[in-house]
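Chain and residue survey
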Amino acid sequence: MKKLLFLVALILVGASQVRADEGMWLPSEILKKIKDIQSQGFKLSAEDIYSVNQSSLKDAVVHFGGGCTGELISGEGLLITNHHCGFGQIQSHSSVEHDYLKDGFWAMSKAEELPNPGLTVSFLEYMTDVTDEVLKGYKPNMTEEKRIELVAKNSKKIEEKVLKGKKNLKANVKPIYYGNQYFLFVYKVFTDVRLVGAPPSSIGKFGGDTDNWMWPRHTGDFSLFRVYAGEDNEPAPYSENNVPYRPKRHFKVNAKGIQEGDFTMVYGFPGTTREYLFSDAVKYTAYTSNPHKIALRTLRLNIQKEEMGKDQAVRIKYASKQASVANAWKKWQGEAKGIIRLKAVENKQAFEAKFDQWAQGKPEYEGLVARFKELYGSIEELSLVQDYQTEALNAVELISFAGRGQRGAEKFYKDYYMPIDKASFIALYNAYNKNIADKYKSPYFKEQLQNFGSVEAWADALFTAEPNLAMAAEIYEKTNAYFKENIAPTLAEVNKEITLLYRAYMRGQMEYNEATNGGKIFYPDANSTLRVTYGKVKGYSPSDAVYYTPVSSLTGIIEKDNPEIYDYNIPQRLRDLYAAKDFGKWEVAGSVPVAFIATNHTSGGNSGSPVLDAEGNLIGVNFDRVWEGTMSDVVYDPVVCRNIALDIRYALFIIDKLAGANHLLQEMEILK
Ligand code: ARG
Ligand code: ASP
């Protein structure tokens, strides 16, 4: 293990001159990267980024809900994240009478801030390498099962030790580099988090799914929350007596503006990347899995779109669901295209051939490549069955609801519209019937289909005036039981060996790189833990003869504005402000900056992340990536991979001029 760490350290230092921008770095290890970060323009130290002894930038960053990032921007617990990250909360406070999705919401005093049961924000207290403790008792000849057991047992011990006698802490031991190393992460979790403000969706979601994953972009993708604490400034369950949390650190807001070439740092919680995959897995993603999943979601989206267009109430009910279905749907398309365009499969194959040569006579690595091929080949069909289980059979709302034992019934019915679900059932179950080979099809499915004669007739029995919950539960149980008993075990068995291979392959790739001076950089795949990425504000060329500059403005919003098109229909007030050139302090060259792109390597989960300048001040809020770069979870390309951030000045302009919520600006420390 020590040898590996040494190796990683070597590689980090050695490769940092090779290519900046790619990589998501662990804050506690940032000392190894700080020289390069500073050489890119960063003015602060490693201790300023992450420290356990004094307050550091990390103390202003939170894991927001399960899957986003947020940051503190005042000494009174004010938090900014994306509109799409707060979307579920904004929606759940909305009704046809109080449509905060449509009209926006602004608490004009703390008393008006709205509580959000179930929403948490987590601050990282510290993280530390616990590899030796996690692997205590490990013997090289142990089976993978035994190793998994040992790791789980030791991890649990470590977590319990940390939590003993402590309240409001959360501890997770997580593997990095496929279990070559383990880190402990300890968080403080706050549960009283209130909605403070959100622009209307026509600003916060401007461009909707049309512009999603694309540049140029004009989305005012932000919302504001406030963290509340007990009188002792510690986490406390919601209570009227709670007070605004006083964070150890909050970001100053830099409203002085950005230029192409400026240093940027993104500090947040990327969810999942798979940068060291074997070629066959990449091939499956781009050529099989993504195309099938895209087709299934296209069916659902078309149905939703049609019904939502007919009725405002249905539009509210399905706004959040549709956004999340559409989001992955669109990303998978860009991702597959990017993988193919970059020839990622071919490049990996070429690398694997060389690696295989080098591995000859090295017992640890010899034969890895051939075994990967065998294993991936053996599960290709089953993986598709798995994709259809989640994206077709279980994607019917009623069926998964009944299958989950009707948990969350109130929320379920509040946002349920049967005609959408029924039409989806018909489309998805027909697709399953058509595309899954007979030998892998659930026998129950086949039997029912035969009994009813058609998926349509089956649907009529399931979606009667009162939905047939018993039948829905049976469908869920029977098809999932079949999957669990007949498909999943083989998948799990093979995947266990694949994981084991990756652990060796990961080390092998590093060693090979070291031996051949391959110049590749290694950073742990994202796993929903805090990471630092850095880069520059920079335009790019998406295609021949086209170049995109890196900053968009309100002028572009006015250009796109069209009352006839839902995604581009801005509030009249914004039109008026523009016509009157009433931009207040936020004016730049007769307009207001809205969004910018930079070369930071980000992923899903980085939404809401602070984008910082060279001094660690907030210049933007990350919310997306560009279309041509969506394959960056699998393969990063410095030429076209860009993150998209809201320019903080647009948020300030909206809060100031559209919402008139000046009291919020006064809480912040704005550098102008
Ligand atoms: N693409 C961004 C991310 O992956 C934004 C998603 C929300 N927006 C939307 N139109 N669905 O989360
Ligand atoms: N929009 C993503 C998120 O919600 C960010 C990304 O995938 O780039 O985290």
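Scroll up a little and you will see the structure.
Summarised in this report is the structure supplied together with it. All values derive from a computational prediction rather than experimental measurement. Here the residue numbers are simple positions, counted from 1 along each chain's written sequence. Chain labels run from A onward and ligand labels from 1 onward, assigned in the order the entries are written. For this predicted model, a pLDDT threshold of at least 70 governs which residues receive local features, and a threshold of 80 or more governs which side-chain atom pairs are given and counted, while totals over whole chains, interfaces and linings are taken from all residues. Heavy atoms from the whole structure form the basis of all side-chain values; hydrogens and water molecules are not counted.

**Section: the site of ligand 1**
Threshold: A molecule or strand has a residue near it when one of that residue's heavy atoms lies within 4 Å. Any pair of N or O atoms that falls within 3.5 Å is considered a polar contact. Within protein, one atom must be able to donate a hydrogen and the other to accept it, and sequence-neighbouring residues count only if both atoms are side-chain atoms. Using a 1.4 Å probe, the Shrake-Rupley method yields the accessible areas, and only the shown protein chains count as cover for residues. A run of H or I in DSSP becomes a helix once it reaches four residues, and a run of E becomes a strand once it reaches two; helices and strands are each numbered from the N terminus. As a working rule, the residues Ala, Val, Leu, Ile, Met, Phe, Trp, Tyr, Cys and Pro are called nonpolar, Asp, Glu, Lys and Arg charged, and the rest polar, with Gly in that last group.
Taken together, H84, K205, G208, D209, N212, W213, A323, N327, S607, F623 and D624 are the residues near ligand 1. D209 is positioned such that a nitrogen or oxygen atom in its side chain is 2.8 Å from a nitrogen atom of ligand 1. N327 is positioned with one of its side-chain polar atoms (N or O) 2.8 Å from a nitrogen atom of ligand 1. Considering ligand 1 on its own, with 340 Å² of exposed area, one finds that the protein chains cover 88% of that surface. Of all the secondary structure elements, the ones that give two or more residues to the shell around ligand 1 are helix 9 (208-211), helix 11 (312-341) and strand 20 (618-625). Its residues assigned to classes, the shell around ligand 1 shows three nonpolar, five polar and three charged.

**What to know about the pairing of strand 1 (residues 61-64)**
The cut-off we apply is this: Only protein chains enter the accessibility calculation, which uses a 1.4 Å probe. A residue is then buried if its area is under 20% of the maximum for its type, exposed if over 50%, and partly exposed in between. A pair of strands is considered paired only if DSSP assigns at least 2 bridges between the two.
Here strand 1 shows no split at all, with V61 and H63 on one side and V62 and F64 on the other all buried. Bridging between strand 1 and strand 2 (residues 68-72) involves four bridges; their strand directions are antiparallel. Residue F64 lies in a different strand from strand 2, and its bridge partner there is C68. Between strand 1 and strand 2, which pair antiparallel in sequence order, lie three residues; one of them, G65, sits at a positive phi of approximately 60°. With three bridges joining them, strand 1 and strand 6 (residues 121-129) adopt antiparallel strand pairing. Pairing of H63 across the sheet is with S122, part of strand 6.

**Side note on the packing of aromatic side chains**
To describe a pair of aromatic rings, one takes the distance between the centres and the angle between the planes. Counted only if it meets this: In this scheme Phe, Tyr and Trp rings, the latter by its six-membered ring, pair at centre separations within 6.5 Å, and the angle between planes marks the pair as stacked below 30 degrees, edge-to-face above 60, and tilted otherwise. Charges are assigned to positions over rings by a cutoff of 6 Å between ring centre and Lys NZ or Arg CZ, combined with an angular limit of 35 degrees from the ring normal.
In total, this model carries 45 aromatic pairs according to the counting rule given. Residues Y187 and F269 carry aromatic rings whose centres are separated by 6.4 Å and whose planes lie at 45° to one another, so their mutual orientation is tilted. Here Y187 is found in strand 8 (residues 181-190), whereas its partner F269 is found in the loop between strand 13 (263-268) and helix 10 (279-310), with 82 residues between them in sequence. A residue is classified by how much of its surface remains accessible, and Y187, at 4% relative accessible area, is buried. Residue F269 is classed as buried on the basis of its relative accessible area, which comes to 1%. Both rings, one in F452 and one in W458, keep their centres 6.2 Å apart while their planes meet at 10°; by these two values the pair is stacked. Here the aromatic cluster, defined as three or more aromatic residues joined through ring pairs, consists of Y178, F278, F351, F355, W358, Y365, F372, Y376, Y502, Y505 and Y512. Here the basic side chain of R147 rests over the ring of Y138, its NZ or CZ set 5.4 Å away from the ring centre.

**Side note on the packing of helix 10 against helix 13 (residues 368-391)**
In plain terms, the rule: Angles here are taken between N-to-C directions and fall from 0 to 180 degrees, while the axes themselves are lines fitted to C-alpha atoms, restricted in helices to the stretch in contact. The labels follow the angle: roughly parallel below 35 degrees, roughly antiparallel above 145, roughly perpendicular from 65 to 115, and oblique for the rest. Left-handed describes a crossing in which the near helix is turned anticlockwise from the far one by less than a right angle; the clockwise case is right-handed. Residues count as neighbours in contact if any of their non-hydrogen atoms are within 4.5 Å of one another.
Two numbers describe how helix 10 lies on helix 13: the axes approach to 10 Å, and their chain directions differ by 15°. Classified by the interaxial angle, the pair formed by helix 10 and helix 13 is roughly parallel. The two elements helix 10 and helix 13 cross, and the hand of that crossing is right-handed. Contact residues: S279, D280, A281, Y284, T288, S289, H292, K293, L296, R297 and R300 in helix 10; K373, Y376, E380, S383, L384, D387, Y388 and E391 in helix 13.

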